[in-house]
Amino acid sequence: MKHIGIIGAGQLGQMLALAGTPLGYTFTFIDPSHQPCAAGLGHHIQAEYDDEAALEQLGIECDLVTFEFENVPALAIEYLKSFTTVHPNVQALETAQDRLNEKTFFRNHDIPVGEFAAVSSWEELQAAVANLGLPAVLKTRRFGYDGKGQRVLKTPDDIQIAWKELGGTPLILEAFIPFTREVSIIAVRSIHGEMAFYPLTENVHRDGILHRSIARPGDWMQAQAESHARKVMEALDYAGVMGFEFFQVEDRLLANEIAPRVHNSGHWTQNGAVTSQFENHLRAIDGLPLGNTNTLCHAGMLNFIGKLPDREQVLRIPGTHWHDYHKEPRSGRKVGHVNITAPTAPLLEERLAHVEALIEPA
Ligand code: AMP
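About the cut-offs
- Residues numbered from 1 in each chain as written.
- Predicted model: local features only at pLDDT ≥ 70, side-chain atom pairs only at ≥ 80, totals over all residues.
- Heavy atoms only, no water.
- Helix = DSSP H or I, 4+ residues; strand = E, 2+ residues; numbered from the N terminus.
- Expected span 1.5 Å × (residues − 1).
- Buried < 20%, exposed > 50% of the residue type's maximum accessible area, 1.4 Å probe, protein only.
- Arc of directions from axis to C-beta.
- Polar contact = N/O pair within 3.5 Å; in protein donor to acceptor, adjacent residues only side chain to side chain.
- Pairing = 2+ DSSP bridges.
- Contact = heavy atoms within 4.5 Å.
- Axes fitted to C-alpha atoms, helices over the stretch in contact; angles between N-to-C directions.
- Phe/Tyr/Trp six-rings, centres within 6.5 Å; stacked < 30°, edge-to-face > 60°.
- Domains from an automatic or database assignment.
- Salt bridge = Lys/Arg side-chain N within 4 Å of Asp/Glu carboxyl O.
- Nonpolar A, V, L, I, M, F, W, Y, C, P; charged D, E, K, R; others polar.
- Near = heavy atom within 4 Å.
- Areas by Shrake-Rupley, 256 points an atom, 1.4 Å probe, with all protein chains shown as cover.
- Core = buried A, V, L, I, M, F, W, Y, C linked by side-chain atoms within 4.5 Å.

S.K.: Teacher, can you tell me more about helix α12 (residues 345-359) here?
M.R.: Think of an α-helix as turning once every 3.6 residues; residues three or four places apart then point the same way. For α12, with 15 residues, the first-to-last C-alpha span of 21 Å sits near the 21 Å given by 1.5 Å per residue. Those residues of α12 not exposed but buried are L348, R351, L352, V355 and E356. Each buried residue of α12 lies within a common arc of 140° when the element is viewed along its axis, so the set occupies one face. Looking at where α12 begins, the residue whose side-chain oxygen comes 3.2 Å from the main-chain nitrogen of L347 is T344.

And the structure:
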């Protein structure tokens, strides 16, 4: 029986442990919060991510360590490596941690990406805007998530306002992509190089936060997404699940970002795929054969942001599967999600609409 360490004990850690327990794994989490949501599913070491004594304890306790978020200090992973094995690797982590590194990596590997420029001064911002034009999106290079640390620049006045808010940290300016769809692919590669891909997922964001995902098996963009994901995973000698987000513009996918971990747009796999992304992540990093990534039915997911809706009302809708992260309600916070399954695409849409009406009562 193997003991797995997870850096971070949020909802992704919770869902990894829930998927890994039947496989025979036990878990230790490191997380600075007092009572993070995964804590009850294993041993919780309450410590900062750069606490060497805590990392040493984690490394000694665990046969294998992984992480559930990408802002883990790379030095912590390097330190842990003297005690245990860590997947995905530091190279993948460092590529995904910094939007400039990430976009440069895409460009260097012939993966289409929108125009972008590094910005570290007011002069550079003005030059970048002159070059890329408006609208554009100004983002912090690091530590941005769920739309945090980014501003859309539409008018010349917005430039100064955004600079006041974000200036002082390294930034990136991206051309605004007039996409027709946002899609993502959940891909997985094992330590032996075996790869598998879930069907493309269509995503809708609200205020920069994922709102809903729908699996689109057989989508005409599947091969393109798989080819880009394969390239990234091979170049990084990647092990584990990776989420890869794209903007679709006409018949092309432009890379937005990669997440070196299980991904919110893959939560539907818990109830709609033969093997969930959480199980496949653990199988991949432990060198087990990967599980089948096909869909079992039509499937989608809606995030609960800020607070949970009424559970009974949601569960009255057929095909709904409730996932509660055991978190305190807070504005903008992901507190749970519902996976929705259905035998046909129209029925799935209908059920999604029913749940959406419960999330946001008129
Ligand atoms: P990100 O954190 O970079 O994934 O951004 C969150 C969301 O903001 C994306 O999923 C898009 O909906 C939107 N967004 C981010 N960057 C751009 C862009 N360059 N052009 C258009 N929309 C964007």
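The discussion continues.
S.K.: How do you make sense of the sheet that holds strand β5 (residues 85-86) when you look at a structure like this?
M.R.: Hydrogen bonds between backbone atoms are what pair the strands of a sheet, whose relative direction is either parallel or antiparallel. The strand order β3-β2-β1-β4-β5 describes an open sheet built from five strands, whose pairing is parallel. Where the open sheet ends on each side, the last strands, each with one partner, are β3 (43-45) and β5. On the sheet, helix α1 (residues 11-20) packs against β1 (3-7) and β2 (26-30) and is oriented at approximately 170° with respect to β2.

S.K.: It is not clear to me how the packing of aromatic side chains should be interpreted in this structure. Could you clarify?
M.R.: Two aromatic rings, taken as a pair, are described by how far apart their centres are and by the angle between their planes. A full pass over the atoms with the stated rule returns 10 aromatic pairs. Ring centres of F27 and F29 lie 6.3 Å apart, and the angle between their planes is 15°; on these two criteria the pair is classed as stacked. F29 matches F27 in its accessibility class, with the two residues each being buried. Centroid distance W122 to W163: 6.3 Å. Interplanar angle 45°. Geometry classified as tilted. Taken together, the positions of W122 in helix α6 (residues 122-132) and W163 in helix α7 (residues 156-166) put the pair 41 residues apart, joining distant regions of the chain.

S.K.: In this structure, what is going on with the domain arrangement of the chain? I would like to understand it.
M.R.: How big an interface is tends to be stated in terms of accessible area lost as the parts join. What the domain assignment reports for the chain is domain 1 (3-86), domain 2 (115-175) and domain 3 (181-356). Averaged C-alpha coordinates put domain 2 and domain 3 at centres separated by 29 Å. Along the contact surface separating domain 2 from domain 3 lie zero salt bridges. Residue classes in the side of domain 2 that touches domain 3 are distributed as no nonpolar, one polar and three charged.

S.K.: Before we go on, may I ask you to explain the sheet that holds strand β7 (residues 136-140) in this structure?
M.R.: Spatial ordering of the open sheet is given by β6-β9-β7-β8, a layout of four strands whose pairing is antiparallel. Edge positions in the sheet fall to β6 (116-119) and β8 (150-153), since each of these pairs with one other strand and no more. Averaged over all pairs of adjacent strands, the angle between strand axes in this sheet comes to 20°, irrespective of strand direction. As defined by bridge partners, β6 adjoins strand β9 (residues 171-175) across four bridges and the pair is classed as antiparallel. Its bridge partner lying in β9, A118 is registered against I172. Relative to β6, α6 is tilted by about 170°, and along the sheet it contacts β6, β7, β8 and β9.

S.K.: Mind showing me how you'd approach the site of the ligand here?
M.R.: By nearness alone, 15 residues border the ligand, and R99, K139, I177, E182 and N256 come closest of all. A distance of 3.1 Å separates a nitrogen atom of the ligand from a polar backbone atom of A175. E257 has a polar side-chain atom sitting 3.0 Å from an oxygen atom of the ligand. The protein chains hide 91% of the 470 Å² of surface that the ligand would expose on its own. Looking at the shell around the ligand, the elements with two or more residues in it are β7, β9 and β15 (252-259). Across the shell around the ligand, the residue classes break down as six nonpolar, four polar and five charged. Mapped onto the domain boundaries, the shell around the ligand takes at least three residues apiece from domain 2 (115-175) and domain 3 (181-356).

S.K.: Help me understand the side chain of R181 in this model?
M.R.: Checked against the element boundaries, R181 lands in strand β10 (residues 181-189). Here E202 takes part through its side chain, which lies 2.9 Å from a polar atom of the side chain of R181. Looking at R181, its side chain comes within polar contact range of the side chain of Q248, at 2.7 Å. Beyond its immediate sequence surroundings of up to four residues, R181 is in contact with L200, E202, D219, W220, M221, F246, F247 and Q248.

S.K.: In this structure, what is going on with the nonpolar core? I would like to understand it.
M.R.: Grouped burial of nonpolar side chains is what soluble globular proteins tend to show. The biggest cluster of nonpolar side chains holds 32 residues, and the ones touching the most others in it are I4, F27, F29, W268, F278 and L282. Listed by contribution, the elements that provide at least two residues to this core are β1, α1, β2, β10, β13 (209-215), α10 (277-285) and β16 (298-305). For this core, the element with the highest residue contribution is α1, accounting for five residues. If sequence neighbours within four positions are ignored, F29 has contacts with I6, G8, A9, G13, A17, A38, L41, G42, H43, H44 and I45. The next biggest cluster of nonpolar side chains, apart from the first, holds 27 residues, and it includes L100, A187, Y238 and A255.

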